Amino acid sequence: MCIRSKKAKPRSPPGPRGLPLVGNLPFLESELHSYFAKLSRTYGPVVKLQLGNKIGIVVSSPSTVREVLKDQDITFANRDAPVVGLLATGGHDIVWSPYGPQWRMLRKVCVLKMLSNATLDKMYSLRRRETRKAVYYLYVNAGAPVNLGEQMFLTILNVVTKMLWGSTVVGDAGANVGAELKQVMSEITEILGLPNISDFFPVLAPLDLQGLYKRISKPVEKLNGIIDNMIDQRLKMVKGSGESSGEVDFLQFLMQLKDENDSKTPLTLDHIKALLLDMVIGGTDTSSTSIEFTLAEVINNPEVMRKAQKELDEVVGKDNIVEESHIHKLPYLLAIMKESLRLHPVLPLLVPHSPAEACTVGGYAIPKGCRVFINAWAVHRDPSIWENPSEFNPDRFLDGQWDFSGNDFSYFPFGSGRRMCAGIAMAERMVLYSIATLLHSFDWKVQEDKNKLDLSEKFGIVLKLKNPLVVVPIPRFTNPALYQSEL
Ligand code: HEM
């Protein structure tokens, strides 16, 4: 229910003046998250922007975020889908579906079945294998600078795609698909991150003035081709004519679910394709970028690295390798992940929400259908909430006061409420297991000509490090057998 005052008509939120027709569009800065934080310091926790024909609302205090994501959760459960985003998934996926029966059915399949702890447990061997391969690669290249961000992206991409269709493609075919996916995904995410006139002036959308729709069409077509091919191969396997490694994967599971067809809202092939896309696009870049930021922060804070390695040595030992079963015994490591996601929430403005009806937030009028940016990045660095907010200090999370549940509106890196991240369980496993393995297996040094790593951020659909994380791994184990690719 929307909260409406019966007395005075609520005022429009304050915000910077714009130009006729285009409004504030020409003044948007490329680092949107820090620009919005600056506006909030001037205009307050609810700011209005005129973005062409569209109204943008920036929300950036715990109490106003709570009004949006908790008190009026249902009203704000819609998305304002970008034109190019809809082209990629046809609107059949979770991320861009409007709040309704289709979204509910997809989310249920995803959270309760595909990404449940039970299913994720069954897939541990896949995550382990890919992580061991990465460790071996780093060992072989020890002592020399490696692009750790790129390595982590490839590792997570392999983990995610193996979980999606690992037993569908076997051998070299899998590696080729990985390389092709990396290419098309970087093209798609780059275009998704660019402001598009078609979103701000829907009447102009058919003209595609910046050519973004045309540009994204090619990689989207390729991505669809890859996924169609996976589905074809899986269908052939069902008929008994394909190879299989014997492991269960999401695609296999979704095809079974489609055939069972026991829901009022049936799962179609279009849904399956769109769900796979959500997992690849939504799951890979977010997780690998978090790993990258976390390692970069730890390397810049040698005392944190020392404490993390001490904890790992005590729990895992130095003549053993990290397993996922160790993770719950590593509270300092969890505090490191939380602190990294506080300083660098990889979706700093979440995914834009949109109210289904006019309502009020912070006492201001919020029009139906506007684009709401929830500035998690600004809340996570608010000095009235966090002591020395720009300092990387995992200790602040050791008392367990904040978690990933989204119940506290001072800390919500995965969002909160109905539309919060559907992949938290998987993200937590992949990120913690990777950073535990990287810190346990290696010491990390910056390149000789540098004292510290530059942690400047670059805004995009996913917040990234501006400069690639190039660092030097130094093996910690005396027994070289612990670095062999698969133990
Ligand atoms: C560290 C890694 C990750 C972070 C920080 C993260 C964060 C987020 C955030 C902030 C949202 C938007 C919440 C909102 O708009 O209110 C989101 C949505 C979503 N995430 Fe994640 N995510 C991560 C990894 C993953 C993974 C691994 C998957 C799946 C494999 C995933 C699947 C999704 C989906 C499907 C949505 C859309 C939910 C909906 O609209 O109902 N995410 N995520």
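Going along each chain's sequence as written, the residues are numbered from 1 onward. Residue-level local features of this predicted model are given only where pLDDT is at least 70; pairs of side-chain atoms are given and counted only at 80 or more, and the full residue set underlies all totals for whole chains, interfaces and linings. Side-chain figures throughout are based on the complete set of non-hydrogen atoms in the structure, without hydrogens or water.

**Structural notes on the coordination of the iron atom of the ligand**
Here a donor is any nitrogen, oxygen or sulfur atom (N, O, S) within 2.8 Å of the metal, with 3.2 Å used for Na, K and Ca; water is not among the atoms considered, so some sites may look incomplete. Just one protein atom donates to the iron atom of the ligand; it is Cys-421 (SG), sitting 2.3 Å from the metal. Locating Cys-421 in the fold gives a position in the loop between helix H15 (376-380) and helix H16 (424-441). Secondary structure counts use DSSP, requiring at least four H or I residues in a row for a helix and at least two E residues in a row for a strand, with both numbered from the N terminus.

**Topic: the packing of aromatic side chains**
Aromatic pairing here means that ring centres of Phe, Tyr or Trp (its six-membered ring) are within 6.5 Å. Orientation follows from the plane angle: under 30 degrees is stacked, over 60 is edge-to-face, and everything else is tilted. A complete count under the given rule lists 15 aromatic pairs for this structure. Taking the centre distance of 5.6 Å and the plane angle of 65° together, the rings of Phe-397 and Trp-402 count as edge-to-face. Throughout, exposure labels follow a simple rule: accessible area from a 1.4 Å probe, protein chains only, divided by the maximum for the residue type, with under 20% read as buried, over 50% as exposed, and the rest as partly exposed. Using a relative accessible area of 3% as the deciding quantity, one classes Phe-397 as buried. Members of the aromatic cluster, joined through ring pairs, are Trp-386, Phe-397, Trp-402, Phe-404, Tyr-411 and Phe-414. Of note, Arg-104 hangs over the ring of Tyr-99, and the distance from its end group to the ring centre comes to 5.3 Å. We note Arg-342 situated over the ring of Trp-386; from NZ or CZ to the ring centre the distance is 5.2 Å. Our definition puts a charge over a ring when NZ of Lys or CZ of Arg is within 6 Å of the ring centre and also within 35 degrees of the ring normal.

**Description of the sheet that holds strand S12 (residues 470-475)**
A pair of strands is considered paired only if DSSP assigns at least 2 bridges between the two. Read from one edge to the other, the open sheet built from three strands follows the order S4-S12-S9, with strand pairing classed as antiparallel. Looking at which strands have only one partner, the edges of the open sheet turn out to be strand S4 (146-147) and strand S9 (442-445). Two strands pair when backbone bridges link them, and S4 and S12 are joined in this way by two bridges, in the antiparallel orientation. Along S12, the bridge assignment pairs Val-146 with Val-471.

**Brief notes about the site of the ligand**
In the neighbourhood of the ligand, 26 residues make up the surrounding shell, with Arg-79, Trp-103, Arg-107, His-353 and Cys-421 lying closest. Distance and chemistry together define a polar contact, namely a pair of N or O atoms within 3.5 Å, with one atom able to donate a hydrogen and the other to accept it when in protein, and with adjacent residues in sequence counting only for side-chain atoms on both sides. Between the ligand and His-353, the relevant distance is 2.8 Å, taken from an oxygen atom to a side-chain nitrogen or oxygen of the residue. At 3.0 Å, a side-chain N or O of Arg-419 approaches an oxygen atom of the ligand. Of all elements in the fold, only helix H4 (101-114), helix H12 (269-300) and H16 reach the threshold of two or more residues within the shell around the ligand. Residue classes follow a fixed rule: Ala, Val, Leu, Ile, Met, Phe, Trp, Tyr, Cys and Pro count as nonpolar, while Asp, Glu, Lys and Arg count as charged, and any other residue, Gly among them, counts as polar. When its residues are assigned to classes, the shell around the ligand shows 15 nonpolar, eight polar and three charged. Distances are taken per atom, and a residue is near a molecule or strand as soon as one of its heavy atoms is within 4 Å of it.

**Re the environment of Leu-343**
Along the chain, Leu-343 turns up in helix H14 (residues 331-343). Classification of Leu-343 by relative accessible area gives buried; the value is 2%. Sequence separation between Leu-343 and Glu-297 is 46 residues; the distance between their C-alpha atoms is 9.7 Å.

**Considerations on the nonpolar core**
The nonpolar side chains of soluble globular proteins are, as a tendency, buried together. What we call a nonpolar core is a set of buried Ala, Val, Leu, Ile, Met, Phe, Trp, Tyr and Cys residues that are connected through their side-chain atoms within 4.5 Å. Core analysis: the largest hydrophobic core is formed by 109 residues, its most contacted members being Leu-148, Trp-165, Leu-254, Leu-295, Leu-439 and Trp-444. Per-element accounting of this core gives the leading share, 13 residues, to H12. Those residues in contact with Leu-148 that lie beyond four places of it in its chain are Leu-138, Leu-295, Leu-438, Trp-444, Leu-469 and Val-471. Note on contacts: a residue pair is in contact if any heavy atoms of the two residues lie within 4.5 Å.

**Some thoughts on the pairing of strand S1 (residues 46-51)**
In this sheet, strand S2 (residues 54-59) lies alongside S1 in antiparallel orientation, the contact comprising six bridges. Residue Val-47 lies in a different strand from S2, and its bridge partner there is Val-58.

**A closer look at the pattern of salt bridges**
Take a side-chain nitrogen of Lys or Arg and a carboxyl oxygen of Asp or Glu: if they are within 4 Å of each other, that pair is a salt bridge. Throughout the structure, instances matching the rule amount to 22 salt bridges. One salt bridge in this structure joins Glu-324 and Arg-127, with 2.6 Å as the shortest N-O distance. Placement of Glu-324 in the loop between helix H13 (302-315) and H14 and of Arg-127 in helix H6 (residues 124-140) is noted, with a sequence separation of 197 residues between them. Residues Glu-324 and Arg-127 agree in their burial class; the two are buried. A salt bridge links Arg-342 to Glu-339, with the nearest nitrogen and oxygen atoms 2.7 Å apart. Residue Arg-342 and its partner Glu-339 are located together in helix H14, separated by three residues, close to a single helical turn. Considered together, Arg-342 and Glu-339 belong to a single accessibility category, that of buried residues. Salt bridges here are not isolated pairs; linked through shared partners, they connect Asp-121, Arg-127, Glu-324 and Arg-429.

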